[in-house]
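# Geometric and topological summary
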Amino acid sequence: MPMRLDSSPSSLDNDNAVPGLERLDLSVYQQRLPARPRDAHKGMFGHLLVIGGNQGMGGAVMLAAEAALRCGAGKVSVATLSEHIASLLARCPEVMAHGVDDPAQLPPLLSQASTVVLGPGLGRDAWAEQMLIQVLEREVPRILDADALNGIASMSRPIRLGCQTVITPHPAEAARLLACRTADIQADRLTAAEQLAERFACAAVLKGVGSLVAGPGDLQRPGICMHGNPGMASAGMGDVLSGVVGALLAQHLDAGTAARYAVLLHALAGDRVAEQDGQLGMLASDLISSIRYYLNRNI
Ligand SMILES: NC(=O)C1=CN([C@@H]2O[C@H](COP(=O)(O)OP(=O)(O)OC[C@H]3O[C@@H](n4cnc5c(N)ncnc54)[C@H](OP(=O)(O)O)[C@@H]3O)[C@@H](O)[C@H]2O)[C@@H](O)CC1
Ligand SMILES: Nc1ncnc2c1ncn2[C@@H]1O[C@H](COP(=O)(O)OP(=O)(O)O)[C@@H](O)[C@H]1O
């Protein structure tokens, strides 16, 4: 009889709870991004396009874009509603911000991008749907998060996203993707993560306490992240994670490695912020400088 792996939240304080899973460890990942050559230029580190920010959710793309720049992406563009552009540029002038009120304006931006983040604050209307259709038509390294996942879940049949794609559902989004209840996902998180990776043929991050990473394919064992804390249960945390994954993909890490490393950096940063200032009142943007701190350790 196969051994059942216990990846439930209540098991995470038990050191013996995760046989068969890769316990994500910074020492394994911190040299995956090589030291930059002396003659490095920004063109070597990818051009990431972050797409999202429907009405009332411009902050989500800002968080993803800023996190991506702080994680070393060479260039970061944002495609969002034009009403968000001024505030985005005021916060982060390094971002190239494009008002895309009509989805027909997206193709030239997609053509320039080496990597795409789709989903933060994307919404679920016709605009969001058109953005999703266009991104799915392109074979680029990409991360699909938040409402991009809800869009995929509403499609009539599962779509094979491919080994260059990372998906990052929280448990409710995972339940929509697998057409079950959130409680079913939480009851057997490992199986859920593996089913997501298999059904959509991509790398899948199942977020939450003890985030799990499965796929793409069988090349890497599923990983579990033992770091992170309840202070991270705050709006925008997932948007920051999507920007970190996007930056690592843009810097040429494969989808499985980028997903595992990003989850680890994000959770370690959450713990560092909690140690410094406590868990309550932690903002997603508070994590960004600590993610950068761990990213630069021992490179
Ligand atoms: N500043 C901005 O612009 C921000 C913009 N944002 C954008 O908003 C959009 C909608 O995203 P969203 O996640 O709020 O909506 P949705 O998927 O319906 O989930 C809501 C329900 O799912 C559940 N649930 C969630 N997590 C769970 C967990 N870990 N474990 C278990 N259950 C969990 C939970 O259900 P409940 O438990 O309450 O029944 C919860 O009420 C998206 O585009 C995003 O990018 C946000 O990022 C915020 C900052
Ligand atoms: N209690 C917790 N312990 C560890 N990590 C958590 C906890 N709560 C939230 N997180 C992490 O914070 C992030 C929340 O993402 P998500 O639910 O998508 O937020 P949002 O949609 O607001 O951006 C995930 O990476 C998740 O693993």
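Description of the structure in this document. These numbers come from a predicted model, not from an experiment.

Another point: the site of ligand 1. For ligand 1, the set of nearby residues contains 19 residues, the closest of which are Gly-121, Asp-147, His-170, Arg-176 and Asp-239. Within the contact set of ligand 1, an oxygen atom lies 2.9 Å away from a side-chain nitrogen or oxygen of His-170. In the complex, the protein chains occlude 52% of the 910 Å² of accessible area that ligand 1 would expose alone. Taken together, the elements giving at least two residues each to the shell around ligand 1 come down to α2 (58-70), α6 (146-153) and α7 (171-178).

This part takes up the environment of Glu-22. Of note, Glu-22 is situated in strand β1 (residues 22-23). Sequence separation between Glu-22 and Arg-176 is 154 residues; the distance between their C-alpha atoms is 26 Å. Residues within four places of Glu-22 in sequence aside, it is in contact with Val-28, Tyr-29, Arg-221, Pro-222, Gly-223, Ile-224 and Arg-260.

Counted by the stated rule, this structure contains 2 aromatic pairs. The interplanar angle of 25° and the centroid separation of 6.0 Å between the aromatic rings of Tyr-29 and Tyr-261 together place this pair among those described as stacked. One end of the pair, Tyr-29, is in helix α1 (residues 26-29); the other, Tyr-261, is in helix α11 (residues 255-277), and 232 residues separate them in sequence. Residue classification places Tyr-261 among the buried residues on the basis of a relative accessible area of 0%. Judged by centre distance (5.0 Å) and plane angle (75°), the rings of Tyr-293 and Tyr-294 are edge-to-face. The buried category is assigned to Tyr-294, whose relative accessible area is 12%.

This next bit is on the environment of Val-95. Summarising the element assignment, Val-95 is placed in the loop between α3 (85-91) and β4 (96-99). Assessed through its relative accessible area of 4%, Val-95 is described here as buried. In the structure, Val-95 is positioned 29 residues away from Glu-66 in sequence and 7.7 Å away in space, judged by C-alpha atoms. Val-95 has contacts with Ala-65, Leu-69, Val-76, Val-78, Leu-88 and Leu-89, leaving out every residue within four places of it along the chain.

A word on the site of ligand 2. Neighbouring ligand 2 are 18 residues, the closest being Lys-207, Gly-208, Ser-211, Gly-236 and Gly-238. Backbone polar atom of Asn-229 to a nitrogen atom of ligand 2: 3.4 Å apart, as the coordinates give it. Between an oxygen atom of ligand 2 and a main-chain N or O atom of Met-232, the distance comes to 3.5 Å. Relative to its unbound accessible surface of 580 Å², ligand 2 loses 79% to contact with the protein. The greatest single-element share of the shell around ligand 2, amounting to 4 residues, is contributed by helix α10 (residues 237-250). Of the residues belonging to the shell around ligand 2, the class tally is 7 nonpolar, 9 polar and 2 charged.

Once that is clear, we can look at the packing of α2 against α10. Between α2 and α10, whose axes approach to 7 Å, the crossing angle comes to 40°. Here α10 runs oblique to α2, going by the angle between their axes. The chirality of how α2 crosses α10 is right-handed. From α2, Ala-60, Leu-63, Ala-64, Ala-67 and Ala-68 reach across to α10, where they touch Asp-239, Val-240, Ser-242, Gly-243, Val-244 and Ala-247. Looking at the contact of α2 with α10 residue by residue, the class counts come to 8 nonpolar, 2 polar and 1 charged.

As a further point, take the pairing of strand β2 (residues 47-51). Most of β2 sits inside the fold, with 5 of its 5 residues counted as buried. Residues His-47, Leu-49 and Ile-51 of β2 are buried on one face, and the alternating residues Leu-48 and Val-50, pointing to the opposite face, are buried as well. Direction of pairing for β2 relative to strand β3 (residues 75-80): parallel, over a ladder of 5 bridges. When the bridges of β3 are listed, His-47 appears paired with Lys-75. Read as a crossover between parallel neighbours, the route from β2 over α2 to β3 is right-handed. Relative to strand β5 (residues 115-118), β2 runs parallel, the two being bridged by 4 bridges.

The rules behind each value
Residues numbered from 1 in each chain as written. Chains lettered and ligands numbered in written order. Predicted model: local features only at pLDDT ≥ 70, side-chain atom pairs only at ≥ 80, totals over all residues. Heavy atoms only, no water. Near = heavy atom within 4 Å. Polar contact = N/O pair within 3.5 Å; in protein donor to acceptor, adjacent residues only side chain to side chain. Areas by Shrake-Rupley, 256 points an atom, 1.4 Å probe, with all protein chains shown as cover. Helix = DSSP H or I, 4+ residues; strand = E, 2+ residues; numbered from the N terminus. Contact = heavy atoms within 4.5 Å. Phe/Tyr/Trp six-rings, centres within 6.5 Å; stacked < 30°, edge-to-face > 60°. Buried < 20%, exposed > 50% of the residue type's maximum accessible area, 1.4 Å probe, protein only. Nonpolar A, V, L, I, M, F, W, Y, C, P; charged D, E, K, R; others polar. Axes fitted to C-alpha atoms, helices over the stretch in contact; angles between N-to-C directions. Parallel < 35°, antiparallel > 145°, perpendicular 65-115°, else oblique. Left-handed = near helix turned anticlockwise from the far one by under 90°. Pairing = 2+ DSSP bridges. Right-handed = clockwise from strand over helix to strand, strands pointing away.

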